[in-house]
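Reading the structure
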Amino acid sequence: MGVLVGKNSKVIVQGFTGSEGTFHASQMIEYGTNVVGGVTPGKGGTEHLGKPVFNTVAEAVQKTGADVSIIFVPPAFAADAIMEAAEAGIKVIVTITEGIPVADMILAKEYTRDRNCTLIGPNCPGVITAGEAKIGIMPGFVFRQGTVGIVSKSGTLTYEAADQVAKAGLGVTTAIGIGGDPIIGTTTLEAVKLLMNDPDTKGIVMIGEIGGELEPKAARWIKENGTKPVVGFIAGETAPKGRTMGHAGAIVSGENESAAAKKAIMRECGIYVVDSPAEIGSAMARLLN
Amino acid sequence: MNIHEYQGKSILANYGVAVQRGYVASTGDEAAVLAKKLKEETGTGWFVIKAQIHAGGRGKGTVTETGSRGVVLAKGLEEVAEKAEGILGGHLVTLQTKAGGKLVNKVFVAEDVYGPGASEPKEFYMSILLDRGIGRNVIVYSPDGGMNIEEVAEKTPERIYKETIDPLTGVTGFQCRKIAFALGLSGAASKEMQVFVKQLYAAYIGCDASLFEINPVLKTSNDRIIAVDAKVTLDGNGLLRHPDYIEMRDTSEEDPLEVEATAAGLNYVKLDGNVGCMVNGAGLAMATMDIIKLSGGEPANFLDVGGTADAKRVETAFRMILRDGAVKAILVNIFGGIVRCDRVAQGIVDAYKNIGDIRVPIIVRLQGTNAAEAKELIDRSGLAVHSVITLQEAADKVKMVLA
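Note that the structure is a prediction, hence the values are computed from the model and not measured.

Things to note about the overall build of chain B
Along the backbone of chain B there are 12 helices and 19 strands. Per-residue burial for chain B yields a buried fraction of 52% across its 403 residues. Long-range pairs, those at least 24 residues apart, make up 67% of the contacts in chain B with a sequence separation of at least 6. Roughly 17,300 Å² of accessible area belongs to chain B as shown, and the carbon and sulfur atoms make up 53% of that amount. Here chain B carries 45 positive and 51 negative side-chain charges, and the mean point of each set is 2 Å from the other.

This is how it looks when you write it as structure tokens:
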């Protein structure tokens with residue numbers, strides 16, 4: 001089961017025939033993801049990785065019934081690709097592309113707002129429902145099937161958490177990499193809500209980092225509405241103020257955006273916050289057993 | 001990407017925003033020549049000479065070598081060269097710089113815009129930036145211009161106003177009017193302010209900015225509205241649309257190590273600690289810094305080697321970390337996903353051999369794809385490298401080598 005994507009998802013790849021798209025699409029197919037085709041403007045009518053290529057998302061949706069898209073389109077064209085997917089009726093749009101201009105993302109986010117779709121990313125590792133569908137660039141084998149949902153801004157830290165959860169004898173329902181950009185589609189709160197409502201998910205790992213106020217917002221919601229144990233970690237306790245730490249959004253601009261401030265709010269809201277990223281898995285195991 | 005005031009003003013002027021005019025100079029003589037030209041063009045009799053560094057608070061800052069302020073007034077052409085020389089080549093210390101200050105390579109020689117006229121001049125504050133919480137740009141403004149806006153926000157928050165911009169319409173006419181009224185303007189000055197706001201927003205979108213801070217925006221004594229200062233930060237991702245802005249980057253304002261790292265495809269931030277680290281992924285890199293601290297050390301850097309941690313990058317990264325004399329140990333933390341750990345391990349072994357004389361202990365934690373093979377490869381290499389697999393083991397090892 002899990003959320004957002006599963007074995008019944010019909011997935012298309014935008015930017016299918018490029019090198020990134022080709023590599024990761026084949027990994028996704030190998031994992032067992034139901035990839036039904038791809039889109040590369042100008043290459044419609046051909047075949048790639050044994051799947052049909054279309055010129056437009058609308059055509060791909062019409063011919064294949066696709067409801068999920070993953071975007072590997074270069075940064076200058078990626079926001080347009082998001083809007084094209086939304087307009088064509090794709091329900092879950094996962095954007096991997098890093099480096100999209102902020103002005104483009106403001107527009108793309110606005111465009112998708114009223115179009116009944118869920119945007120994940122950009123600049124994210126994607127979404128994986130363990131054992132069913134991998135819509136992203138994460139190493140599939142790390143995500144052993146289980147009962148823990150993961151929400152994270154970071155790629156490799158998500159793998160780290162999934163690995164620890166597996167080694168603690170648990171495993172993952174769905175892991176959602178929401179991305180580290182200043183403007184992202186699905187927020188921490190929205191991802192947490194999805195997992196809170198998923199009957200298969202028994203516990204949630206929420207991983208954030210410095211910058212923005214997504215985690216405190218999710219924490220306040222959890223305090224009022226949470227029904228499952230949540231383990232939290234915020235990366236960047238030691239990051240200096242005013243410096244961008246890799247992710248464009250990872251910068252402490254105000255007092256509420258530091259790791260210490262976020263952790264304090266999360267603790268007040270009943271989240272089990274670990275200071276060491278090495279303790280994510282064991283903490284989850286303690287809470288669930 | 002941060003740019004200088006004179007560069008920011010040239011962008012603003014290109015979009016039709018009224019700015020305080022001037023020229024940039026690198027020597028006192030050049031400043032004098034340009035001041036003369038400026039006098040002919042604008043009629044200004046006095047000149048404002050402003051240090052061009054990437055830090056605020058210049059007017060109250062002091063040039064260590066000469067005692068001059070970072071912004072000075074020359075009351076006549078004959079004073080320009082000397083006043084400019086009091087700033088150029090010196091280190092300007094402001095509230096926003098480090099204790100040693102910043103070397104000033106250029107000054108902006110600007111017209112004096114505070115001359116007398118029909119009404120009193122008045123200073124306002126205006127900035128445009130992204131409100132991450134709502135995913136929209138906002139115009140923040142205040143009638144209290146010319147002073148430290150953080151102070152205004154703390155003491156009189158009710159005097160700071162905000163206008164949220166709908167991305168599909170841009171700033172609207174009624175919003176421009178609202179801003180002009182809130183700033184207490186009427187008549188010609190109000191009309192000028194409305195045009196100013198409209199153009200300023202157009203410039204912000206047009207140049208792919210991530211911050212405009214105009215402090216002060218001045219209403220002159222003859223009711224013109226102009227940008228007297230301009231702090232402009234450009235969205236690094238937006239530069240793909242503006243190749244001409246790339247040359248505005250002033251690498252002398254940045255840490256030379258960081259400039260070198262960027263060129264090598266590494267994301268590096270220098271810190272003041274004693275344990276260096278090399279990690280793949282920004283989130284894991286920050287988490288690794290945190291674990292160093294929890295183990296009794298202090299992180300010496302943030303370093304994300306990215307998704308393709310090949311031998312060459314690993315070697316460059318090692319060399320950068322090792323150049324920092326304060327580093328007492330190095331923690332390599334790689335979670336191999338698509339990247340195979342044994343390849344990274346080989347890269348580490350090769351880099352180690354190429355660099356030769358490495359005297360600080362290195363702890364290598366490789367997890368994920370082929371982690372066991374990687375550990376064996378490192379253990380067999382005979383190098384003085386501590387190889388571990390879990391993050392907890394890595395933390396324990398850091399504690400051990402620091403003890």
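So, the overall build of chain A
A count of helices and strands for chain A gives 9 helices and 14 strands. The dimensions of chain A, computed from C-alpha atoms along their principal axes, are 55 × 40 × 30 Å. Residue burial in chain A is summarised as follows: out of 289 residues, 62% are buried. Put simply, 73% of the contacts in chain A that link residues at least 6 apart link residues at least 24 apart. Per element, the accessible surface of chain A, about 10,100 Å² overall, is 50% carbon and sulfur. The averaged location of the 29 negative side-chain charges in chain A is 4 Å from the averaged location of its 25 positive side-chain charges.

A short note on the nonpolar core
Residues Ile70(A), Val94(A), Phe143(A), Val192(A), Val205(A) and Met245(A) are the most contacted members of the largest nonpolar core, which totals 97 residues. Per-element tally for this core: the top contributor is helix H8 (residues 282-294) of chain B, with 8 residues. Membership of the second largest hydrophobic core comes to 38 residues, among which are Ile139(B), Ala189(B), Cys207(B) and Met248(B).

With respect to the interface of chain B and chain A
Listed as interface residues are 42 residues of chain B and, on the opposing side, 57 residues of chain A. Both sides together, the interface formed by chain B and chain A hides about 3,700 Å², and carbon and sulfur atoms give 63% of it. Where chain B meets chain A, there are 4 salt bridges. In this structure, the salt-bridge partner of Arg365(B) is Glu160(A), at a minimum N-O distance of 2.7 Å. Linking chain B with chain A are 11 residue pairs in polar contact (both at pLDDT 80 or more). Mapped by element, the contributors of at least two residues to the side of chain B that touches chain A are strand S9 (136-142), strand S14 (267-270), H8, strand S18 (362-368) and helix H12 (391-402) of chain B. By residue number, the principal contributor to the side of chain B that touches chain A is H8(B), which donates 10 residues. Along the lines of polarity and charge, the residues of the side of chain B that touches chain A split into 19 nonpolar, 14 polar and 9 charged.

Notes on the pairing of strand S9 (residues 133-136) of chain A
Residue and element names in this part refer to chain A. One ladder, built from 4 bridges, connects strand S8 (residues 126-129) with S9; its direction is antiparallel. What sits directly across from Ile128, in S9, is Lys134. Taking the residues between adjacent antiparallel strands as the criterion, S8 and S9 are bridged by 3 residues, where Gly131 takes a positive phi near 80°.

Some details on the sheet that holds strand S6 (residues 102-103) of chain B
Taken in spatial order, the 3 strands make up an open sheet running S3-S5-S6 (chain B), and their pairing is antiparallel. Taken across any chain shown, the strands that pair with only one partner, and hence form the sheet edges, are strand S3 (62-63) and S6 of chain B.

A short note on the packing of helix H6 (residues 188-196) of chain A against helix H7 (residues 214-225) of chain A
The contact between H6(A) and H7(A) brings their axes to 8 Å, and the two run at 35°. Residues Thr188(A), Leu189(A), Val192(A), Lys193(A) and Met196(A) of H6(A) touch H7(A), and the partners they reach there are Leu214(A), Glu215(A), Lys217(A), Ala218(A), Trp221(A) and Ile222(A).

Some details on the sheet that holds strand S4 (residues 71-74) of chain B
Residues and elements named next belong to chain B. In spatial order, the strands read S1-S7-S2-S4; together these 4 strands make up an open sheet with antiparallel pairing. Each edge of the open sheet carries a strand with a single partner, namely strand S1 (22-25) and S4. Direction aside, the axes of adjacent strands within the sheet are offset by 25° on average. In the sheet, strand S2 (residues 47-51) pairs with strand S7 (residues 107-111) via 5 bridges, with the strands oriented antiparallel. Residue Lys50 lies in a different strand from S7, and its bridge partner there is Phe108. In the packing of helix H1 (residues 5-14) onto the sheet, contacts are made with S1, S2 and S7, and the angle to S7 comes to roughly 50°. The strands that helix H2 (residues 28-42) touches are S1, S2 and S7; relative to S1, the one it contacts most, it runs at about 170°.

Some remarks on H8(B)
All names here are of chain B. Under the 1.5 Å per step criterion, the end-to-end length of H8 is 19 Å for 13 residues, consistent within 8% with the ideal 18 Å. In terms of burial, H8 is largely enclosed, as 11 of its 13 residues are buried. Within the span of H8, buried status applies to Ala282, Gly283, Leu284, Ala285, Met286, Ala287, Thr288, Met289, Asp290, Ile291 and Ile292.

Some points on the packing of aromatic side chains
Counted according to the given criterion, the structure contains 5 aromatic pairs over all chains. Ring geometry for Tyr204(B) against Phe212(B): centres 5.2 Å apart, planes inclined by 90°, an arrangement best described as edge-to-face. Like Tyr204(B), the residue Phe212(B) is buried in the burial classification. Among the aromatic residues, those joined into a cluster by ring pairs are Phe143(A), Tyr159(A) and Phe335(B). It is Arg115(A) that lies over the ring of Tyr111(A); its NZ or CZ is 3.7 Å from the centre.

Let's talk about the packing of helix H5 (residues 155-167) of chain A against H8(B)
Running from N to C, H5(A) and H8(B) point in directions that differ by 65°, and their axes come no closer than 5 Å. Here H5(A) is positioned roughly perpendicular relative to H8(B), judged by the angle of their axes. Counted together, Thr156(A), Leu157(A) and Glu160(A) of H5(A) and Gly283(B), Leu284(B) and Ala287(B) of H8(B) form the full contact between these two elements. The class makeup of the residues in the contact of H5(A) with H8(B) is 3 nonpolar, 2 polar and 1 charged.

Structural notes on the environment of Tyr23(B)
Residue and element names in this part refer to chain B. Among the structural elements, Tyr23 can be located in strand S1. Owing to a relative accessible area of 23%, Tyr23 belongs among the partly exposed residues under this scheme. If sequence neighbours within four positions are ignored, Tyr23 has contacts with Leu34, Lys37, Leu38, Glu41, Val107, Phe108 and Val109. Only 2.7 Å separates the side chain of Tyr23 from the side chain of Glu41, close enough to count as a polar contact.

Topic: helix H2 (residues 57-64) of chain A
Think of an α-helix as 3.6 residues a turn; residues three or four steps apart then line up on the same face. Residues and elements named next belong to chain A. Those residues of H2 lying buried are Val57, Ala60, Val61 and Thr64. End-on view of H2: buried residues confined to an arc of 100°, all on one side of the axis. Facing away from the buried side of H2 by over 90 degrees, the exposed positions are Gln62 and Lys63.

Focus on the pattern of salt bridges
Residue and element names in this part refer to chain B. If you walk through the whole model with that rule in mind, you get 34 salt bridges over all chains. In this structure, Glu254 engages Arg249 in a salt bridge whose closest nitrogen and oxygen atoms are separated by 2.6 Å. According to the relative accessible area criterion, Glu254 is partly exposed, its value standing at 28%. Arg249 sits in the partly exposed class, given a relative accessible area of 32%. Between Arg319 and Glu315 there is a salt bridge whose closest N-O contact spans 3.1 Å. Taken together, the positions of Arg319 and Glu315, both in helix H9 (residues 311-322) and 4 residues apart, correspond to about one turn of that helix. The exposure class assigned to Arg319 is partly exposed, which follows from its relative accessible area of 38%. With relative accessibility at 17%, the residue Glu315 sits in the buried group. Connected through shared salt-bridge partners, Glu5, Lys9, Lys50, Arg58 and Asp229 make up one network.

The rules we used
- Residues numbered from 1 in each chain as written.
- Chains lettered and ligands numbered in written order.
- Predicted model: local features only at pLDDT ≥ 70, side-chain atom pairs only at ≥ 80, totals over all residues.
- Heavy atoms only, no water.
- Helix = DSSP H or I, 4+ residues; strand = E, 2+ residues; numbered from the N terminus.
- Buried < 20%, exposed > 50% of the residue type's maximum accessible area, 1.4 Å probe, protein only.
- Contact = heavy atoms within 4.5 Å.
- Areas by Shrake-Rupley, 256 points an atom, 1.4 Å probe, with all protein chains shown as cover.
- Lys, Arg positive; Asp, Glu negative; His and termini not counted.
- Charge placed at Lys NZ, Arg CZ, Asp CG, Glu CD.
- Core = buried A, V, L, I, M, F, W, Y, C linked by side-chain atoms within 4.5 Å.
- Buried area = accessible area lost by both parts, 1.4 Å probe.
- Salt bridge = Lys/Arg side-chain N within 4 Å of Asp/Glu carboxyl O.
- Polar contact = N/O pair within 3.5 Å; in protein donor to acceptor, adjacent residues only side chain to side chain.
- Nonpolar A, V, L, I, M, F, W, Y, C, P; charged D, E, K, R; others polar.
- Pairing = 2+ DSSP bridges.
- Axes fitted to C-alpha atoms, helices over the stretch in contact; angles between N-to-C directions.
- Expected span 1.5 Å × (residues − 1).
- Phe/Tyr/Trp six-rings, centres within 6.5 Å; stacked < 30°, edge-to-face > 60°.
- Lys NZ or Arg CZ within 6 Å of the ring centre and 35° of its normal.
- Parallel < 35°, antiparallel > 145°, perpendicular 65-115°, else oblique.
- Arc of directions from axis to C-beta.

Spatial relationships are all this shows, so hold off on functional conclusions.
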